[in-house]
Amino acid sequence: MSVRVRMAPSPTGYLHVGTGRAALYNWLYARHTGGTFIVRIDDTDLERSTKEFEDEILASFRWLGLDWDEGVEVGGPHGTYRQSDRIDYYASIAHRLVDEGHAYFDNRPTEELEELRRKAQKEGKHPGHYIRRPSTEASEGVIRLSVPQDGPVEFSDVVRGDMSFAAADVDDFIILRSNGTPTYHLASTVDDIDYEITHVARGEDLLPSTPKHIVLTKALGAEEPTYAHLPLLFGTDGKKLSKRHGATAVTDFREAGYLPDAMFNYLANLGWSLDSETTIFTRDKAVAAFDLTDVSKNPAAFDVAKLDWMNGEYVRAMDPERFADLVRPQVESSLGRALTRGEFDTFSAIAPLVQERTRLLPEAGDQVVFLFEEFEAYDDTSWNKVMTKDGVAETLAAANEALGDLGDWDIPAIESALRALPELLGIGAGKAFQPIRIAVTGSSVSPPLFESIAALGRERTLQRLERATNQLA
RNA sequence: GGUCCCGUCGUCCAGAGGCCUAGGACGCCGGCCUUUCAAGCCGGAAACGCCGGUUCGAAUCCGGUCGGGACUGCCA
């Protein structure tokens, strides 16, 4: 039987990186086995689900490079892939289960159920021991599944191994709400049957719900899928990854300038590894090697520092033209205007040097704006640290002179002119070049000096040297 | 409280009884290179939670213990 896996996000928020990783593993497994990856939309919570979030989530999947073979927006042989389209259908199934004796109506007030829960807790028992079929039958209210009391509910989890839950600890859970909409348990289980899902790979938070799904599946006369419960993601402080840790939505990372390939690689490596040595790997390599069996059991901490490093690796490995194209909007947004054709050429020429120094795309823009924009007076700490030293004015004047006389304005000419300076002035290279760097680029941190000067052009370079000299006087 | 899950460097991953004086990666520290910052190169500190047991031999198996986590909703 060919593998069919699915991801069923709820469009009640942006795609959380944890959900993204679960999707990633499903996708990897489908691609590895030549199976089918399906994306459904789990929008039974009509109140909180929105089309905007749905679009966002699907865009995030696509950004990560997770394409799906069946499901929302692409269709497939199994009808709709949006649960809100099948509300009545789920309801009819719930009623059928009542007719067959597998489920029952319950209109007990919440206080009464609360009382049962308290009683269970007091006796150190699971609420399942008391949340059971009431003595008097109703014909309205919610519909609960009647969970058989006898024996254990057992299954073999691909990542956890053999699991066993006492049936007595599984309460008669609600499958249909009093407003006629299905709960997650019903909709999800029914869909997994209808869409012939073979492997359910999902977050470990659903492990305790799995016995419910198995009992329901059996009541529906179907065979349960293979389950694989994936470890959860945490922040580096060991707490569940949440807004407190900063970015948690895939979109956040996309906007912060992370590359999808890096994100994919990082997420894939969080709970799984290609082998014992390799950290950086392509999608194809991951697809070739991936198996759910190899997924780690331990929860993983999401470490942004490592992601940043990895992103830098991908940035450096990028095609230089592609890099220039990607950074262009960043430069333009910090300039507040579009680059001219000539400016873009200038930028492209120096871009490879910037590329080496970039981890996140927005950093790249900051490194080159000096080429296109005048900067204000020098009065920051790096200026004070370097420029207030003795002899700086002479150094700048000498540089001005050496460059002013230059015939060809190219890197070799600039380099040989400036290289002569330290000896001429009787100072070290660093001492000579740092003031020039600040005068010309406005910062003590910049791309390599000669290349920067070449890109800046004769006129602006000389202007800036003069301006700095005057300011020192 | 109850049910269940997890426990190897700060972090991610490798390790499925001897190949482990525990390996790779990020981060950290030191050095080299160097006009800055990066990158690169070299080196370093850093872990099998604890206690028992099984075994000739345990990070690997078993038990207990401690610690962390999830679930316990007409949310998913």
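Residues numbered from 1 in each chain as written. Chains lettered and ligands numbered in written order. Predicted model: local features only at pLDDT ≥ 70, side-chain atom pairs only at ≥ 80, totals over all residues. Heavy atoms only, no water.

Draft legend 1. Molecular detail of the overall build of chain A. Across its full length, chain A holds 19 helices and 12 strands. A compact globule built from 473 residues would reach a C-alpha radius of gyration of about 23 Å, whereas chain A, at 31 Å, exceeds it by more than 25%. For the C-alpha atoms alone, the extent of chain A along its principal axes is close to 100 × 45 × 40 Å. Excluding contacts between residues fewer than 6 apart, the proportion of contacts in chain A whose partners are at least 24 apart in sequence is 75%. (Helix = DSSP H or I, 4+ residues; strand = E, 2+ residues; numbered from the N terminus. Rg over C-alpha atoms; globule rule 2.2 N^0.38 Å. Contact = heavy atoms within 4.5 Å.)

Draft legend 2. Expanded view of the pairing of strand E6 (residues 152-157). Burial of E6 is one-sided: the residues Val153, Phe155 and Asp157 facing one way are buried, the residues Pro152, Glu154 and Ser156 facing the other way are not. Adjacent in sequence and paired antiparallel, E6 and strand E7 (residues 161-166) are bridged by three residues. (Buried < 20%, exposed > 50% of the residue type's maximum accessible area, 1.4 Å probe, protein only. Pairing = 2+ DSSP bridges.)

Draft legend 3. Looking closely at the sheet that holds strand E8 (residues 174-176). Strand order in this open sheet of three strands is E4-E5-E8, and the pairing throughout is antiparallel. In this open sheet, the two strands that pair with only one neighbour each are strand E4 (103-106) and E8. Adjacent strand axes in the sheet meet at a mean angle of 45° when their direction is disregarded. Bridge count for strand E5 (residues 142-145) against E8 is two bridges, and the pairing is antiparallel. Looking across to E8, one finds that Ile143 is bridged to Leu176. (Axes fitted to C-alpha atoms, helices over the stretch in contact; angles between N-to-C directions.)

Draft legend 4. Fine view of the protein's contact with RNA strand B. Taken together, 66 residues form the shell around RNA strand B, and within it Asp42, Arg117, Arg177, Arg357 and Arg437 come nearest. For RNA strand B, the backbone makes up 74% of the atoms found within 4 Å of the protein, where backbone means sugar plus phosphate. Measuring from a sugar or linking oxygen of RNA strand B, one finds a side-chain N or O atom of Arg48 at 2.9 Å. Lys306 places a polar side-chain atom, nitrogen or oxygen, 3.1 Å from a base nitrogen of RNA strand B. For the surface near RNA strand B, the secondary-structure elements that each account for two or more residues are helix H4 (110-122), E7, helix H5 (184-194), strand E12 (300-301), helix H10 (304-317), helix H17 (429-441) and helix H18 (449-456). Along the lines of polarity and charge, the residues of the surface near RNA strand B split into 25 nonpolar, 19 polar and 22 charged. (Near = heavy atom within 4 Å. Polar contact = N/O pair within 3.5 Å; in protein donor to acceptor, adjacent residues only side chain to side chain. Nonpolar A, V, L, I, M, F, W, Y, C, P; charged D, E, K, R; others polar.)

Draft legend 5. Quick peek at unusual backbone geometry. Non-glycine residue Glu73 carries a positive phi angle of around 75°. Tracing the backbone shows Glu73 in the loop between strand E3 (70-71) and helix H3 (87-99).

Draft legend 6. Layout of the layout of surface pockets. Considered as a void within the structure, the largest pocket measures approximately 920 Å³ in volume. Forming the boundary of the largest pocket are 33 residues, of which Met7, Ser10, Thr19, Asp205 and Leu206 lie nearest the centre. Of the residues belonging to the lining of the largest pocket, the class tally is 14 nonpolar, 10 polar and nine charged. Composition of the lining of the largest pocket by domain shows at least three residues from each of domain 1 (1-72 + 231-317) and domain 2 (85-230). Reported here for the second largest pocket is a volume of approximately 300 Å³. Ile197, Thr198, Glu223, Glu224 and Pro225 are, among the 19 residues lining the second largest pocket, the residues nearest its centre. Ranked by residue count, the leading element in the lining of the second largest pocket is H5, at four residues. (1 Å grid on protein atoms, 1.4 Å probe; cavity = no way out; pocket = protein on both sides within 12 Å on 5 of 7 lines; lining within 4 Å. Points joined across faces, edges and corners; volume = space filled by probe spheres on them. Domains from an automatic or database assignment.)

Draft legend 7. The confidence of the model for chain A, seen in detail. Mean pLDDT over chain A stands at 92; residues scoring 70 or higher make up 99%. Taken over the whole predicted complex, pTM reads 0.93, whereas the ipTM for its chain interfaces reads 0.95. (pLDDT = per-residue confidence, 0-100.)

Draft legend 8. Here's a closer look at the pattern of salt bridges. Applying the stated rule across the entire model yields 31 salt bridges. Its salt-bridge partner being Arg108, residue Asp106 comes within 3.0 Å of it at the nearest N-O pair. Of the two residues examined, Asp106 and Arg108, each falls in the buried class. Linking Asp171 and Lys212 is a salt bridge whose minimum nitrogen-to-oxygen distance equals 3.6 Å. Pair noted here: Asp171 is in the loop between E7 and E8 and Lys212 is in helix H6 (residues 210-219), with a separation of 41 residues, a long-range link. The structure contains a network of salt bridges with shared partners spanning Arg6, Arg40, Arg86, Asp191, Asp192 and Asp194. (Salt bridge = Lys/Arg side-chain N within 4 Å of Asp/Glu carboxyl O.)

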